[in-house]
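Descriptive analysis of the structure
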Amino acid sequence: MSRGRHRILSAIGIGCYALAAIVGFFLLAGHHGSGLLVPLWIAHGVLLAVLLTKLAADETGLSAALVVVGASLVAVYFADLARDDLTLERRGERITATVVREWLAPDQGREVHTYDYALARRDGTRVRGPALQARSGTFAVGQTVTVLADPEGVLRPRTPGDADATGTVLGVGAFALLALGIVAATARRGAIVVRQREEGARLAEQEHTLREALRTASADVHGFVEVHPGHYPDVSHRRAAGIAGELGLQPADEPGSWRFRR
């Protein structure tokens, strides 16, 4: 198998692994706490760093791994948001409720002015689950509002427009594509780095061979040493003249000639 084909297959495999990790962490996020997820994310990042460093053929693979892990984290975050929205759209009950109380959300900074709003049904019973959350001034006590409420009381009620999961689903797709794009770009860079190294090694070998040929070749009756440029396709005439000068040879009078006088 050629190196190029192997690199393409490696990039595809790493991309599939990155997507599988996003799906796996999304599924785990709904059932496990950070005590398990944090070590798994660290292990995932280390594995990606090893794979992408090998794919990039230099240290840029580490930076690429950090970006892929970051994009994956954001994708999982959006997927978790989309899960709640999709669940609420599927099983939510559309009700008309009244705002009975408002207070500053305890988990929000005062600068964002996010408030919780307690809701009650028309019969006076409280709407089950966490409070409706919105920016200050969105609702007023006594105001009637239509919301999607979770019959099981697990999810926070949302207004029908806010419960649309389209934006979050698009966010998941965008960051997943970003992760795949970084893998593809890393593979492309790796191919360039490997090609440059091979070209450098080939040039160094040809220069070494040319130096040995000039050093050991016998001069003709006119005192010239001649080498064939076709044997050194990656060596320019200027570089060949420089090598000859290092060995004490002078270029011939003909411009571009690969003949050098001892």
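Structure: above.
Residues numbered from 1 in each chain as written. Predicted model: local features only at pLDDT ≥ 70, side-chain atom pairs only at ≥ 80, totals over all residues. Heavy atoms only, no water.

1. Structural notes on the sheet that holds strand β1 (residues 93-104)
Here four strands make up an open sheet; going across it, the order is β3-β2-β1-β4 and the pairing antiparallel. Each of the sheet's edge strands pairs with one partner strand only, and the pair in question is β3 (132-135) and β4 (144-149). Between one strand and the next, the sheet's axes are offset by a mean angle of 55 degrees, whatever the strand orientation. Across four bridges, the pairing between strand β2 (residues 114-120) and β3 is antiparallel. Bridging from a neighbouring strand, Asp 116 pairs with Gln 133 of β3. (Pairing = 2+ DSSP bridges. Helix = DSSP H or I, 4+ residues; strand = E, 2+ residues; numbered from the N terminus. Axes fitted to C-alpha atoms, helices over the stretch in contact; angles between N-to-C directions.)

2. What to know about helix α5 (residues 237-246)
Within the span of α5, buried status applies to Ala 240, Ile 243 and Ala 244. For α5, the arc enclosing every buried residue in end-on projection is 100 degrees, short of the 170-degree limit, so these residues lie on one face. Set apart from the buried face of α5 by more than 90 degrees, the exposed residues are Arg 238 and Glu 246. On its buried face, α5 is in contact with α4 (166-216) and β7 (259-261). (Buried < 20%, exposed > 50% of the residue type's maximum accessible area, 1.4 Å probe, protein only. Arc of directions from axis to C-beta. Contact = heavy atoms within 4.5 Å.)

3. Examining the side chain of Asp 116
Structurally, Asp 116 can be placed in strand β2. Once residues within four sequence positions are removed from consideration, Asp 116 is found in contact with Arg 101, Glu 102, Trp 103, Ala 105, Pro 106, Ala 131, Leu 132, Gln 133 and Arg 156.

4. Considerations on the packing of helix α3 (residues 60-91) against α4
Look at α3 against α4: their axes get within 7 Å of each other, and the N-to-C directions meet at 165 degrees. Taken together, the axes of α3 and α4 lie roughly antiparallel to each other. Every pair of crossing elements has a handedness; the one defined by α3 and α4 is left-handed. In terms of residue class, the contact of α3 with α4 is made up of 18 nonpolar, five polar and two charged. (Parallel < 35°, antiparallel > 145°, perpendicular 65-115°, else oblique. Left-handed = near helix turned anticlockwise from the far one by under 90°. Nonpolar A, V, L, I, M, F, W, Y, C, P; charged D, E, K, R; others polar.)

5. Considering the nonpolar core
By size, the foremost hydrophobic cluster in this structure holds 23 residues, and its most contacted members are Leu 52, Leu 55, Val 68 and Val 183. Residue assignment for this core shows that the elements contributing at least two residues are α1 (3-29), α2 (34-56), α3 and α4. No other element matches the seven residues that α3 contributes to this core. (Core = buried A, V, L, I, M, F, W, Y, C linked by side-chain atoms within 4.5 Å.)

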